Amino acid sequence: MSENQKKYNVAIAGATGAVGGAMLDVLDRRDFPLKELRLLASERSVGKKLLFRGEEIEVQLLSKDAFKDIDIALFSAGATRSFDYAPAAAAAGAVVIDNSSAYRMDPDVPLVIPEVNPHAIAQYTNRGIIANPNCSTIQMLVALKPILDKVGIKRLVISTYQAVSGTGAKAIEELDSQVKAYAAGKSMDASVYPHQIAFNCLPHIDSFLENGYTKEEMKMVNETRKIFEDDSIGITATTVRVPVFYGHSESVNIETKSKITAAEVKELLSSAPGVKLVDNTDDLKYPMAIDCAGEFETLVGRIREDESIDNGINLWVVSDNILKGAALNAVQIAETFIAEYK
Ligand code: NAP
Ligand code: 12T
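Residues numbered from 1 in each chain as written. Chains lettered and ligands numbered in written order. Predicted model: local features only at pLDDT ≥ 70, side-chain atom pairs only at ≥ 80, totals over all residues. Heavy atoms only, no water.

1. Some points on the overall build of the protein chain
To be explicit about the condition: Secondary structure elements follow DSSP: runs of H or I of four or more residues count as helices, runs of E of two or more count as strands, with numbering from the N terminus. For a compact globule the rule gives 2.2 Å times the number of residues to the power 0.38, and the radius of gyration it is set against comes from C-alpha atoms. Burial classification: accessible surface area is computed with a 1.4 Å probe over protein chains only, and a residue below 20% of its type maximum counts as buried, one above 50% as exposed, and the rest as partly exposed. Contacts are assigned to residue pairs that have any heavy atoms within 4.5 Å of one another. Residues counted as positive are Lys and Arg, residues counted as negative are Asp and Glu, and His and the chain ends are not counted. Charge positions are represented by NZ for Lys, CZ for Arg, CG for Asp and CD for Glu.
If you tally the helices and strands in the protein chain, you get eight helices and 14 strands. Scaling as 2.2 N^0.38, a compact globule of 342 residues should have a C-alpha radius of gyration of about 20 Å, and the protein chain matches this with 20 Å. When the backbone C-alpha atoms are referred to their principal axes, the protein chain occupies close to 60 × 55 × 45 Å. Across the 342 residues that make up the protein chain, the buried fraction comes to 52%. For the protein chain, the proportion of contacts with a sequence separation of at least 24, taken over those separated by at least 6, is 65%. On the protein chain, the mean spot of the 36 positive side-chain charges and the mean spot of the 47 negative ones are 3 Å from each other.

2. Let's talk about the site of ligand 2
Heads up, the rule is: To be near a molecule or strand, a residue needs just one of its heavy atoms within 4 Å of it. Counting of polar contacts relies on pairs of N or O atoms within 3.5 Å, with two restrictions inside protein: one atom must be capable of donating a hydrogen and the other of accepting it, and residues adjacent in sequence are counted only when both atoms are side-chain atoms. For every accessible area listed, the method is Shrake-Rupley and the probe measures 1.4 Å; residues are considered covered only by the protein chains on display. Note on residue classes: Ala, Val, Leu, Ile, Met, Phe, Trp, Tyr, Cys and Pro are nonpolar, Asp, Glu, Lys and Arg are charged, and everything else, Gly too, is polar.
Close to ligand 2 lie Asn99, Ser101, Arg104, Asn134, Cys135, Gly166, Thr167, Ile205, Asp206, Glu216, Lys219 and Arg241. A distance of 2.7 Å separates an oxygen atom of ligand 2 from a polar side-chain atom of Lys219. In isolation ligand 2 exposes 320 Å². Once the protein is present, 81% of that is buried. Partitioned by chemical class, the residues of the shell around ligand 2 number two nonpolar, five polar and five charged.

3. Some remarks on the pattern of salt bridges
Close approach of charged atoms lets side chains of opposite charge pair. Quick reminder of the rule: The rule for a salt bridge is simple: a side-chain nitrogen of Lys or Arg has to be within 4 Å of a carboxyl oxygen of Asp or Glu.
Evaluated as defined, the whole model comprises 16 salt bridges. Between Lys324 and Glu115 there is a salt bridge, and its shortest N-O distance comes to 2.8 Å. Of this pair, Lys324 sits in helix α8 (residues 323-341) while Glu115 sits in the loop between β7 (95-98) and β8 (129-131); the two residues are 209 residues apart in sequence, bridging distant segments of the chain. Neither Lys324 nor Glu115 differs from the other in exposure class; each is buried. Here Asp176 and Lys180 are joined by a salt bridge, their closest N and O atoms 2.7 Å apart. With a gap of four residues between them, Asp176 and Lys180 both fall in helix α4 (residues 169-183), about one helical turn apart. We classify Asp176 as partly exposed; its relative accessible area is 31%. Judged by relative accessible area, Lys180 falls into the exposed class, the value being 52%.

Structure representation (structure tokens):
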């Protein structure tokens, strides 16, 4: 950051949460040009102090009046708070970057992954709101964008293996306490999830819909089509919660419009923005959740051709769901916004 660079007033709504905490970390790690940093949460947290760049900042109440003089408001306090307060933040002159599902499918609100569709940010003028996609969608599309551009995509079949941190701070505690209870020979309590998550897999993320899919599964379908601006892509997903703290893993089966070899996909992804190729099975190197935690890049490996169809590719895609899946993508949107529009 140069001395005479313009600096911005940034607010974080939901600063005390799992994503909010990561936003503080990402703003610091990326040397974001900050003037004021305003931390907002519920009355439960008012007066709490959070450390940022060696300085204690007191948490204030999230309210409609909390956004005076704010340039950029990063929201991650749940969809209800986004519906209740994001319009007030926008009316106060801030551009809202919203991590919740509240506005993602609103046709007036751009849904942005900077490596994939930065041009969509221009639509921020409609509502003063830019939506951050769902974590599972973000990492998948970072890996798919170079393939889409090269050969087109006809259909996607996805299975996800999602970390508990996606549900928030209480879910991280729940997995931790169930593992400790098991090790101590005690019974395990479940309250965040409807069943035990330790040593288990739950084919259930977010709520169930009439069509038998979960909301999380349909987010992957609908958000992918919106971001790729192509409603004709066939997409089906099964999203599964696994006992992992940080990092979502995804098996992605792609039917492309024309033929691409596994070697060509590797070559493409070796220089793709935001992607780190981890694909050397001779050395037992492949993407793993434990390696992505804390990393900004999306790891891609196990690249191979689907031999059951003419134009098929399989990928294994892993990324830190709290970073690229939420806080990092939001801060990258803010960076692109100030560089191009502010
Ligand atoms: P979390 O750890 O449970 O944190 C929730 C945050 O929201 C806390 O700061 C909490 O403040 C605040 N909050 C809750 N109720 C509030 C209220 N009535 N008024 C003001 N603040 C309130 O959850 P998280 O994992 O950080 O996730 C937060 C949100 O981010 C999620 O609900 C979701 O919308 C979004 N998210 C998006 C993605 C994605 O895929 N892009 C991934 C994860 C999360 P207190 O500490 O005061 O309670
Ligand atoms: N239920 O932002 O539980 O739409 O992992 C993200 C993560 C919703 C969202 C999760 C969720 C979202 C989860």
